[in-house]
Amino acid sequence: MTGQRTPTIDRGRATGRDLGQLLETGPFAEALRAAIRARGLGLERIRYRLRGRGTTVSLATLSHWQSGRCRPERPESLRALRNLEQILGVPDGSLRRLLGPPRPRGQFHQPGQPLS
């Protein structure tokens, strides 16, 4: 061992002002991450509480949502997000509002144009 310290991730709590700002302006992933940090719950605990409300979400999905790798879009994911807002103690709809319109899926095809 060299005695060197390894870098650590700043897991400090978001202030109410920081969280409020992110819930107003986004982006979604940063607001979700700040809300989780402010509530002081781990993803496993959040998953457990969601399951208690009849919503099943994997740890990977929660992690992807907060990292910005993906976002809730399917109807069951949006229902989970409503429960998640309650668990995190943020205003109803505050995280959902940051999602914006659904992203297009698959290849876009205009009617009347030949498929290539």
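All of these numbers come straight from a predicted model, not from anything done at the bench. (Residues numbered from 1 in each chain as written. Predicted model: local features only at pLDDT ≥ 70, side-chain atom pairs only at ≥ 80, totals over all residues. Heavy atoms only, no water.)

For the rest of this paragraph, the subject is the overall build of the protein. The helix and strand inventory of the protein stands at five helices and zero strands. Start at the N end of the protein and walk to the C end: the helices and strands fall as α-α-α-α-α. Scored against the burial criterion, the 116 residues of the protein give a buried share of 32%. For the protein, the exposed area adds up to about 8,300 Å²; of that, 50% sits on carbon and sulfur atoms. (Helix = DSSP H or I, 4+ residues; strand = E, 2+ residues; numbered from the N terminus. Buried < 20%, exposed > 50% of the residue type's maximum accessible area, 1.4 Å probe, protein only. Areas by Shrake-Rupley, 256 points an atom, 1.4 Å probe, with all protein chains shown as cover.)

Below, the discussion takes up the environment of S94. For S94, the location among the structural elements is in the segment after α5 (75–88). Between the alpha carbons of S94 and A31 there is a distance of 9.2 Å; along the sequence they are 63 residues apart.

Attention shifts here to the pattern of salt bridges. Pairing between side chains of opposite charge can happen when their charged atoms approach one another. Counted according to the given criterion, the structure contains four salt bridges. Here E76 ties to R74 by a salt bridge, and the two come within 2.7 Å at their closest N and O atoms. A relative accessible area of 52% places R74 in the exposed class. E85 is paired through a salt bridge with R96; the nearest N and O atoms lie 3.0 Å apart. One end of the pair, E85, is in helix α5; the other, R96, is in the segment after α5, with eleven residues separating them in the sequence. The buried category is assigned to E85, whose relative accessible area is 0%. (Salt bridge = Lys/Arg side-chain N within 4 Å of Asp/Glu carboxyl O.)

With that out of the way, let us pick up the packing of helix α2 (residues 28–39) against α5. Between α2 and α5, whose axes approach to 9 Å, the crossing angle comes to 40 degrees. As the angle between them shows, α2 and α5 are arranged oblique. Along the contact surface, α2 presents F28, L32, A35, I36 and R39, while α5 presents L81, L84, I87 and L88. For the contact of α2 with α5, a count of residues per class yields eight nonpolar, no polar and one charged. (Axes fitted to C-alpha atoms, helices over the stretch in contact; angles between N-to-C directions. Parallel < 35°, antiparallel > 145°, perpendicular 65-115°, else oblique. Contact = heavy atoms within 4.5 Å. Nonpolar A, V, L, I, M, F, W, Y, C, P; charged D, E, K, R; others polar.)

It is worth spelling out the nonpolar core at this point. Note on soluble globular proteins: their nonpolar side chains tend to be buried together. The biggest cluster of nonpolar side chains holds 24 residues, and the ones touching the most others in it are F28, L32, I46, W65, L84, L88 and L95. Breaking this core down by element, the ones donating at least two residues are α1 (16–25), α2, α3 (43–52), α4 (59–67) and α5. Among the elements that make up this core, the one with the highest residue count is α2 (six residues). Not counting the four nearest positions on each side in its chain, W65 is found in contact with F28, A29, L32, V57, C70, R71, P72, S77, A80 and L84. (Core = buried A, V, L, I, M, F, W, Y, C linked by side-chain atoms within 4.5 Å.)

As a further point, take the packing of α2 against α4. Here α2 crosses α4 at 115 degrees, and the two axes come no closer than 6 Å. Each of F28, A29, L32, R33 and I36 in α2 lies in contact with α4, whose residues at this interface are W65, Q66 and S67. Residue composition of the contact of α2 with α4, by class: five nonpolar, two polar and one charged.

Another aspect to go through is the environment of Y48. As for its position among the elements, Y48 is in helix α3. Look at Y48 and you get partly exposed, because its relative accessible area is 46%. Measuring from C-alpha to C-alpha, the distance between Y48 and L59 comes to 10.0 Å, with eleven residues separating the pair along the chain.

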